[in-house]
Each structure stands twice: as C-alpha cells, then as structure tokens.
Amino acid sequence: MINEFRAAFQELLDTAVAQSPNFRSAMHEVFRLSSHVPQEERILALDALVPVMRQSEPVAGIAADLAVVAGALMDTGTPAGPAGVEVMRQLATYGQAAGAFLAAWQETGAGTPPPPMEVTEAEEQRVAPYLNELARLATTGWWVSHRYALAARTVLNDADTRAALRGDRAAPRGVGHLAELTRIARQLSAEIAEYEEVHALLRMAAADNALVLDRASGRGFRVRFDGVADNFQLHTLLADALVGPEGRGVPGTRPHPSWVAASQDRDSDPQAEIVTGRWDLVGGDGSWVGNETAPVDIPVVGGERVLVLEARSHPHSWRAGRRHPRVVGRLRVEDEIPAHEAADWWARLHPAGAVRHPLSPAPAEPAPAAPAQEPPAAEADPAIPAEPLAPVDCAAGAAEGEAAVARLDTAAATEAPAPVDDDRPEADAPEAPRELPPGAGLLPPLPPGVSDSAGWAPTWK
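1. A few points about the overall build of the protein
Inference 1: Summing up its helical and strand segments, the protein has 14 helices and 8 strands in all.
Inference 2: Here the protein holds 461 residues, and 51% of them are scored as buried.
Inference 3: By element, 52% of the accessible surface of the protein is carried by carbon and sulfur atoms, the whole surface being about 20,500 Å².

Below is the structure:
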C-alpha cells in the first residue's frame with residue numbers, strides 16, 4: 001500500500017505541474033489511499049507538496065485543489081509542517097481577491113452572489129464596471145474561495161501553523177498574516193458558511209498568553225495557552241492550573257478531572273459533564289469579560305492581556321468540552337509575579353465587588369467608593385492589530401497590492417515567504433480616492449497563466 005500511495009502521489013505532482021487533464025483522477029486516488037498509510041508517509045508527502053503548491057499558485061484551480069489535498073493529508077492529525085503556512089498564505093492572496101468580488105457585488109446591485117463553484121462570466125461582467133480590468137482576478141478569487149475555506153478549517157487545527165501565523169519567536173520566520181486573514185474570513189463568512197469556523201479558529205490563534213490576577217489570594221500569574229477557543233475552556237484550565245496544592249495553591253475546590261480532560265483532548269464524560277464556574281472573569285480595565293467570549297477579547301492593559309479572577313457574584317455552569325473538538329487545549333503557568341508587582345496591579349485596578357455578573361442581583365450594600373486612581377484603560381494589543389468592524393478594504397495599501405501580485409507573478413520561479421464572534425455592527429467602508437476610476441487599485445493585475453489555462457480556470461475563460 002505504501003508503494004501504491006507513493007506512485008499515486010508522484011502522479012499527482014506530475015499532473016499538477018503539467019496542468020494535465022488527469023490531475024483530478026490522480027487527486028482522488030491520493031484521497032483513497034492516504035488513510036491506509038502510516039503518518040510518516042503523509043508527512044513526507046506534505047513536504048513534497050509544498051514546492052509544487054508554490055509553483056502552481058498562479059493557476060488558481062490547481063492551487064486550490066492542492067490546498068484541499070494538503071488539508072486531507074492533515075485531516076487525521078498529521079503535522080502540517082510548511083504546507084500549513086503555505087495554504088494560509090495563498091488564502092490571504094486569493095481571499096483578498098474574493099473579498100473584492102464580494103464588495104463589488106454589493107456595490108453593483110441586489111441579491112446574493114452565486115455559490116463560488118457556480119460563478120460564470122455573467123457575474124464577472126456584473127462586477128466589471130466597479131473593478132474594471134481587475135474583475136477577472138476578483139471573480140477567480142471568488143471561484144476558489146470555498147476550497148481554500150475547506151483546507152483552512154483543517155490546517156488551523158495544527159498548533160505549529162497557528163504559532164507561525166502569530167509570528168511567535170518559537171516559530172521560524174513567522175509569516176504575520178493573522179490579522180489580514182481574520183479580516184478576510186470575517187468578510188467572507190457572510191456568504192460562505194465554512195469561513196465562520198475559519199474566523200473562529202483564527203481568533204483562537206490570536207491570543208496565547210495573559211496575566212491572571214486572583215482577588216482572593218492577591219497573587220498574580222502569567223500563563224501561556226494554546227487551542228483555547230472560549231473562556232469556558234479557559235476558566236476550566238485556569239482552575240486546574242491554579243487551585244489547590246496540585247496547582248499553585250490558590251484557594252478553592254479543584255475542578256473535576258473529567259472537566260479538565262474535556263478541555264484538553266478528551267471527550268466529555270456524560271456522568272460529569274456540567275462544569276460549575278468558580279470565578280467571575282473581569283478585565284483589567286474593569287470591564288465584564290465572562291465565559292461566553294474568547295481569550296482574544298480579554299482587555300490589554302499595560303501591554304498584556306489582564307484577567308482578574310473575582311469572587312462569583314452569580315451561579316453559572318456549562319457543559320464540559322471544547323468548541324473545536326479536534327484542537328488540543330493546553331495551559332501552563334509560566335511564572336508567578338513578585339508580590340510587589342502584584343500589589344502595584346491591585347492599586348491600579350477596580351475595587352472588589354465593583355464589577356458583577358450581568359444577571360446578578362444588585363448588592364444589598366452600596367459598592368465601595370472608587371479608588372483615587374482610575375482603573376487602567378484597555379489598549380490595543382501591541383502584537384496583533386485590532387480586527388476592524390468594516391468589511392475588508394482591498395484598496396488600502398498600494399504597497400501590499402504590489403507585493404501580492406509579485407508573489408503571484410513569480411510563484412513558479414521563486415520561493416514563497418517561509419513559515420512562518422464578534423456581533424458588533426460593521427462600519428461603512430472608506431471611499432476610494434475620487435481621482436481613480438472605480439475599482440482601480442483594489443487588486444493587482446491578473447497574473448500570467450490564470451486566464452491562459454482553460455482547464456484550471458473558470459469555464460468561461
């Protein structure tokens with residue numbers, strides 16, 4: 001079976017490079033065999049796939065299909081390696097094009113756009129008055145957008161890929177596409193359901209550390225985590241890491257072991273699946289955080305996310321588990337801050353009892369007077385640009401547009417860069433400069449090779 005898989009995978013690579021009509025049949029043969037070979041074979045296949053993915057990037061249909069192949073090979077838990085970052089890098093480029101198509105569609109009439117695989121020349125002609133000569137590239141981006149979403153949903157289950165997107169120091173040469181990808185996924189999720197999960201996974205990837213201050217003990221801890229999608233999961237993992245002698249000695253009752261296991265890598269135990277919350281989660285700026293939000297929503301104060309564990313003001317419970325069952329959740333305490341540093345924080349923060357659960361009854365006694373020093377205000381995350389409320393503005397940044405077309409134009413000859421829910425109403429997108437014709441500057445020109453390949457571009461080309 002191993003030799004059969006290797007032969008099928010070599011056929012896939014050869015037909016991709018040759019743009020052969022046999023490419024699709026080779027792809028299906030790889031799908032059929034991939035689950036029957038050891039993980040080591042899939043790792044080798046992913047490594048061999050990366051240079052062909054880069055070479056094929058200007059040929060949109062082959063590029064998107066190879067991204068799906070990469071996702072399929074990772075689907076059984078195979079480490080993504082450089083292929084994970086390459087899939088997300090290409091999504092950033094073609095996703096920008098798809099976003100331009102969607103924005104142009106909304107500007108040129110009513111109705112919903114067609115499903116990506118059903119887009120035709122008629123839809124390109126509709127957006128052409130807005131995009132001019134860029135309409136073809138934008139329509140092609142829309143055509144492949146669903147396939148990249150399918151691949152990204154699997155790729156983002158990989159911890160190393162998420163670390164590379166964050167640009168962690170531990171990740172070699174991080175690509176830094178996280179903020180751009182998050183904006184793209186949010187925009188496309190309005191029409192393509194798979195991007196809702198992609199958007200949630202990208203938000204999960206955006207936060208991996210926090211300063212946690214425990215009101216009852218007066219102590220503070222810096223924690224690092226990964227694969228934590230919401231604060232229900234964070235709450236459980238914090239209780240496991242901090243409470244009791246098994247943790248860091250914070251007073252309280254230890255969480256049930258099955259709750260912790262379900263927040264890490266196990267299924268929930270039907271006999272003990274209801275988690276009881278231990279604290280109220282409050283931001284370092286005095287805002288309510290709660291369990292329903294995500295770690296990325298914890299306010300940034302003094303250059304780091306600051307979470308205060310307050311005494312529970314209202315009972316709350318939830319079902320044990322993880323929002324993304326295939327993602328392993330981890331949390332560790334990196335260090336405890338010195339007592340004098342903790343005291344400095346408590347002097348700056350809101351007083352005890354000042355922030356309560358939104359459903360808790362009003363306190364019998366008036367809240368303590370406000371401290372002489374105002375609670376610190378939340379800041380923008382210094383490492384991760386804030387996600388805008390407006391749709392993606394593809395016209396912003398001519399330099400990025402030139403860089404994107406340079407990546408597409410030279411994908412066959414040069415290496416690509418190395419590895420690296422918010423329900424608020426959206427603001428109006430900024431207007432394009434008036435001196436430019438409609439659509440000018442939204443996207444780089446169509447790269448050579450896309451429209452010339454009748455077999456791997458939309459059928460009307």
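Moving on from the model shown.
2. Things to note about the pattern of salt bridges
Pairing between side chains becomes possible if they bear opposite charge and their charged atoms approach one another.
Inference 1: According to the stated counting rule, one finds 26 salt bridges in the structure shown.
Inference 2: Between R153 and E197 there is a salt bridge whose closest N-O contact spans 3.6 Å. Here R153, found in helix α7 (residues 135-155), pairs with E197, found in helix α10 (residues 194-206); they are 44 residues apart in sequence, far enough to count as distant.
Inference 3: A relative accessible area of 28% means that R153 is categorised as partly exposed.
Inference 4: R203 serves as the salt-bridge partner of D297, at 2.8 Å between the closest nitrogen and oxygen. In this pair, D297 is assigned in the loop between β4 (279-283) and β5 (300-301) and R203 in helix α10, connecting sequence segments 94 residues apart.
Inference 5: On the basis of relative accessibility, which here comes to 33%, the residue D297 falls in the partly exposed class.
Inference 6: For R203, a relative accessible area of 8% corresponds to the buried category.
Inference 7: A single network of salt bridges, built from pairs that share partners, joins R162, R166, D208, R224, D226, R332 and E334.

3. Thoughts on helix α13 (residues 339-348)
Inference 1: Among all positions in α13, only A342, W345 and W346 are buried. Take α13 and look down its axis: the buried residues cluster within an arc of 100 degrees, on one side only.
Inference 2: Looking at the buried side of α13, the elements it contacts are β1 (209-214), β2 (219-226), β5 and β6 (304-311).

4. Observations regarding α10
Helical geometry note: an α-helix holds 3.6 residues per turn, so side chains three or four residues apart project in the same direction.
Inference 1: Taking 1.5 Å as the rise per residue, α10 with 13 residues should run 18 Å; its terminal C-alpha atoms sit 19 Å apart, in good agreement.
Inference 2: Counting buried positions over the 13 residues of α10 gives 11, a clear majority of the element.
Inference 3: Here α10 has its buried residues at E194, Y195, V198, H199, A200, L201, L202, R203, M204, A205 and A206.
Inference 4: Tucked inside the fold, the buried residues of α10 contact α5 (82-107), α7, α8 (159-166), α9 (178-188) and β6.

5. Notes on the nonpolar core
Inference 1: Grouped together as the largest cluster of nonpolar side chains are 99 residues, with contacts concentrated most on F9, M88 and L238.
Inference 2: Of the residues forming this core, the biggest block, 12 residues, is contributed by α5.
Inference 3: Once you skip the residues sitting within four places of it in the chain, F9 turns out to touch V30, A45, A48, L49, V69 and L73.
Inference 4: By size, the runner-up hydrophobic cluster in this structure holds 12 residues, among which are V306, I337, L349 and V355.

6. Topic: the confidence of the model for the protein
Inference 1: Confidence along the protein averages 83 in pLDDT terms, with 77% of residues attaining 70 or more.
Inference 2: Across residues 169-175, where pLDDT falls below 50, the model places 17 contacts with residues more than four positions away in sequence or in other chains.
Inference 3: Note on residues 388-455: pLDDT is under 50 here. Beyond four places in sequence and across chains, it has 110 contacts.

7. Description of the environment of M117
Inference 1: Along the chain, the position of M117 falls in the loop between α5 and α6 (121-131).
Inference 2: Taking relative accessible area as the criterion, M117 reaches 47% and is therefore assigned partly exposed.
Inference 3: Each C-alpha atom of the pair M117 and S145 lies 8.8 Å from the other, and the pair is 28 residues apart in sequence.
Inference 4: Excluding residues within four positions of it along the chain, M117 makes contact with W143 and R147.

8. Let's talk about unusual backbone geometry
Inference 1: Here the phi dihedral of Q19 falls at roughly 55 degrees; this positive angle occurs in a residue that is not glycine.
Inference 2: For Q19, the position within the fold is in the loop between α1 (2-18) and α2 (23-34).
Inference 3: Residue classification places Q19 among the partly exposed positions, given a relative accessible area of 33%.
Inference 4: One non-glycine residue, N132, lies in positive phi territory at about 55 degrees.
Inference 5: Locating N132 in the fold gives a position in the loop between α6 and α7.

9. A look at the environment of D214
Inference 1: Mapping D214 onto the fold places it in strand β1.
Inference 2: Classification of D214 by relative accessible area gives buried; the value is 2%.
Inference 3: As a C-alpha pair, D214 and L309 span 95 residues in sequence and 4.8 Å in three-dimensional space.
Inference 4: Each residue touching D214, except ones within four places of it in the same chain, is listed here: R219, V250, P251, W279, L309 and W346.

10. Quick look at the packing of aromatic side chains
Inference 1: The tally for this structure, following the rule as stated, stands at 5 aromatic pairs.
Inference 2: Residues F232 and W318 carry aromatic rings whose centres are separated by 5.2 Å and whose planes lie at 50 degrees to one another, so their mutual orientation is tilted. With a gap of 86 residues between them, F232 in helix α11 (residues 231-242) and W318 in strand β7 (residues 317-319) connect regions that are remote in the sequence.
Inference 3: Its relative accessible area of 23% is what places F232 among the partly exposed residues.
Inference 4: Taken together, the aromatic side chains of F101, W105 and W142 make up a single cluster linked through ring pairs.
Inference 5: The ring of W105 carries the charged tip of R126 above its face, separated from the ring centre by 3.6 Å.
Inference 6: Geometry around W143 places R147 over its ring, the cationic atom sitting 4.7 Å from the centre.

Conventions adopted
Residues numbered from 1 in each chain as written. Predicted model: local features only at pLDDT ≥ 70, side-chain atom pairs only at ≥ 80, totals over all residues. Heavy atoms only, no water. Helix = DSSP H or I, 4+ residues; strand = E, 2+ residues; numbered from the N terminus. Buried < 20%, exposed > 50% of the residue type's maximum accessible area, 1.4 Å probe, protein only. Areas by Shrake-Rupley, 256 points an atom, 1.4 Å probe, with all protein chains shown as cover. Salt bridge = Lys/Arg side-chain N within 4 Å of Asp/Glu carboxyl O. Arc of directions from axis to C-beta. Contact = heavy atoms within 4.5 Å. Expected span 1.5 Å × (residues − 1). Core = buried A, V, L, I, M, F, W, Y, C linked by side-chain atoms within 4.5 Å. pLDDT = per-residue confidence, 0-100. Phe/Tyr/Trp six-rings, centres within 6.5 Å; stacked < 30°, edge-to-face > 60°. Lys NZ or Arg CZ within 6 Å of the ring centre and 35° of its normal.

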